[in-house]
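Commentary on secondary and tertiary structure
One letter stands for each residue in the lines below.
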Amino acid sequence: MPNLTANGISIAYETAGDPKGMPLLLVMGVGMQLTAWPDDFVDGLVELGYYVIRFDNRDCGLSTKFDTAGTPRLALAWLLSRLRLPVHSPYRIDDMAADALGVLNALGVARVHVVGVSMGGMIGQVLTARHPERVLTLTSMMSTSGRRGLPGPTPAARAALTRRPPDTSDPEQLVAHGTAIFRAIGSPAYPTPDRLLCQRVAAAMRRNVCPAGLARQMLAIIASGDRVALLKQIERPTLVIHGAADPLVPLACGVDTARLAPGARLEVIEGMGHDLPPQLIERLLALIDQHARGKMAPDNLPRRFEKQ
């Protein structure tokens, strides 16, 4: 897999499709590698005529790690943020957005459709607000504005994320542990088959495992604060997709994001959690494609509330 140098770091990336097609940048969430985008999803975008660009965020996958910064104390960082005290981090979401911009520069891509999930949605929001001349459309999925007071993970989701595997040296236990996490935050109405989920987790672990990098990415989210003011500055067509059953980033977070971004459209998917289940790939592809081609009428209302 190729690497490029951008924003002062090495970034692993992959492209798919005809370079003459419509450029589309995929930005993954916290701790997730570029391979976390399902093959069917990427292949579907290529079939629709997009030139798909994926990359490993810093501190993840095969991109530069910030190991000299150590493993952060996330509980302390969260407490400091609640007290409105400074939180120190080796980088912030703005730096990660600059990485994404650096990828586009290195590949010679002038303007791009941006699709980000979870933390990737945050990165996409910053990129779109700060560099509107480089973004055609933004699709923010299962993400948030970070506004203080929005609901957090459910107790079950939080417990799954904070629980440690019994034996970190046992590959089988690590795969079982990772699978349990994805099952806890996944879509209750669209469960990913166990065999497929285990295969994905095992493949991700064979490629790279960096728990400290994941923690530093989470610290970056905490240290960056909210994007309320930035979202209000977005000038590009924005689609917000959110699962009604998301236990990690609840639906209220998506609603808030869509209300802040001028003219944004919110698509609520019943039964969807915090994942990209195979049963929803075609629906997600259709929504993203319609949005990118300007076939959606903009509004500022959640779809599920339009007739009320």
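As a starting point, this report considers the structure included with it.

Analysis parameters
Residues numbered from 1 in each chain as written. Predicted model: local features only at pLDDT ≥ 70, side-chain atom pairs only at ≥ 80, totals over all residues. Heavy atoms only, no water. Helix = DSSP H or I, 4+ residues; strand = E, 2+ residues; numbered from the N terminus. Rg over C-alpha atoms; globule rule 2.2 N^0.38 Å. Buried < 20%, exposed > 50% of the residue type's maximum accessible area, 1.4 Å probe, protein only. Salt bridge = Lys/Arg side-chain N within 4 Å of Asp/Glu carboxyl O. Polar contact = N/O pair within 3.5 Å; in protein donor to acceptor, adjacent residues only side chain to side chain. Patch = residues over 30% accessible without salt bridge, like charges linked within 9 Å, V, L, I, M, F, W, Y side chains within 5 Å. Areas by Shrake-Rupley, 256 points an atom, 1.4 Å probe, with all protein chains shown as cover. Lys, Arg positive; Asp, Glu negative; His and termini not counted. Charge placed at Lys NZ, Arg CZ, Asp CG, Glu CD. Pairing = 2+ DSSP bridges. Axes fitted to C-alpha atoms, helices over the stretch in contact; angles between N-to-C directions. Parallel < 35°, antiparallel > 145°, perpendicular 65-115°, else oblique. Left-handed = near helix turned anticlockwise from the far one by under 90°. Contact = heavy atoms within 4.5 Å. Nonpolar A, V, L, I, M, F, W, Y, C, P; charged D, E, K, R; others polar. Phe/Tyr/Trp six-rings, centres within 6.5 Å; stacked < 30°, edge-to-face > 60°. Core = buried A, V, L, I, M, F, W, Y, C linked by side-chain atoms within 4.5 Å.

**A few points about the overall build of the protein**
On a plain count of helices and strands, the protein comes out with 11 helices and 8 strands. For a compact globule of 308 residues, the expected C-alpha radius of gyration is about 19 Å, and the protein comes in at 18 Å, within 12% of that figure. When the backbone C-alpha atoms are referred to their principal axes, the protein occupies close to 50 × 45 × 45 Å. Taken over 308 residues, the protein has a buried fraction of 51%.

**Describing the pattern of salt bridges**
Under the counting rule described, the total for this entry stands at 10 salt bridges. Measuring nitrogen to oxygen at the nearest pair gives 2.6 Å for the salt bridge that ties Arg58 to Asp99. Placement of the pair is Arg58 in the loop between strand E4 (50-55) and helix H2 (74-82) and Asp99 in helix H3 (residues 93-107), with a sequence separation of 41 residues. Side by side, Arg58 and Asp99 carry an identical accessibility label, which is buried. The residue Asp67 makes a salt bridge to Arg216 at a minimum N-O spacing of 3.0 Å.

**Here's the deal with the environment of Asp226**
Summarising the element assignment, Asp226 is placed in the loop between helix H8 (211-224) and helix H9 (228-232). Overall, the relative accessible area of 42% leaves Asp226 in the partly exposed class. Sequence-wise, Asp226 and Val126 are 100 residues apart; in three dimensions their C-alpha atoms are separated by 11 Å. Polar side-chain contacts of Asp226 include one of 3.1 Å to the backbone nitrogen of Val228.

**Here we look at a negative patch on the surface**
A grouping of Asp39, Asp40, Asp43, Glu47 and Glu282 is seen on the molecular surface, where their side chains present a negatively charged patch. The element contributing the most residues to the negative patch is helix H1 (residues 39-47), with 4 residues. The topology assignment puts Asp39 in helix H1.

**What to know about the sheet that holds strand E1 (residues 3-6)**
What holds strands together in a sheet is hydrogen bonding between their backbones, with the strands either parallel or antiparallel. Spatial strand order, E1-E2-E4-E3-E5-E6-E7-E8: 8 strands in an open sheet with mixed pairing. Of all the strands in the sheet, just E1 and strand E8 (265-269) have a single pairing partner and so form its edges. Mean inter-strand twist for the sheet, computed between neighbouring axes without regard to direction, equals 25°. Relative to E4, strand E3 (residues 22-27) is paired through 5 bridges, and the arrangement is parallel.

**Considering the packing of helix H5 (residues 155-162) against helix H6 (residues 171-185)**
In a packed pair of helices, the relevant descriptors are the angle between the two axes and the axis-to-axis distance. Put simply, H5 and H6 touch, their axes get as near as 9 Å, and they point 165° apart. By the criterion of interaxial angle, the relationship of H5 to H6 is roughly antiparallel. The chirality of how H5 crosses H6 is left-handed. In this structure, H5 uses Ala157, Ala160 and Leu161 to contact H6, whose residues at the interface are His177, Ile181, Ala184 and Ile185. Residue composition of the contact of H5 with H6, grouped by class: 6 nonpolar, 1 polar and no charged.

**Some points on the packing of aromatic side chains**
Summed over the entire model, instances satisfying the criterion amount to 2 aromatic pairs. Relative to Phe41, the ring of Trp37 has its centre 5.5 Å away and its plane inclined at 20°; by these criteria the two rings are stacked. Across the pair, Phe41 and Trp37 agree in class, each one buried. Centroid distance Phe66 to Tyr91: 5.1 Å. Interplanar angle 55°. Geometry classified as tilted. With Phe66 in the loop between E4 and H2 and Tyr91 in the loop between H2 and H3, the pair connects residues that are 25 residues apart, well separated along the chain.

**Examining the nonpolar core**
Formed by 44 residues in total, the largest nonpolar core has its most connected members in Leu25, Phe55, Ile123 and Leu127. By size, the runner-up hydrophobic cluster in this structure holds 26 residues, among which are Ala16, Leu24, Met141 and Met272.

**Quick look at a nonpolar patch on the surface**
A contiguous nonpolar surface patch, about 490 Å² in accessible area, is contributed by Leu76, Trp78, Leu79, Leu83 and Leu85. Mapped onto the secondary structure, Leu79 falls in helix H2. Looking at Leu79, the relative accessible area reads 42%, which means it is partly exposed.

**A closer look at the side chain of Arg216**
Mapped onto the elements, Arg216 comes out in helix H8. Take Arg216: its relative accessible area is 1%, and that puts it in the buried class. Residues contacting Arg216, with those up to four places away along its chain left out, are Asp59, Lys65, Phe66, Asp67, Ala69, Gly70, Pro72, Ser89, Pro90, Tyr91 and Cys210.

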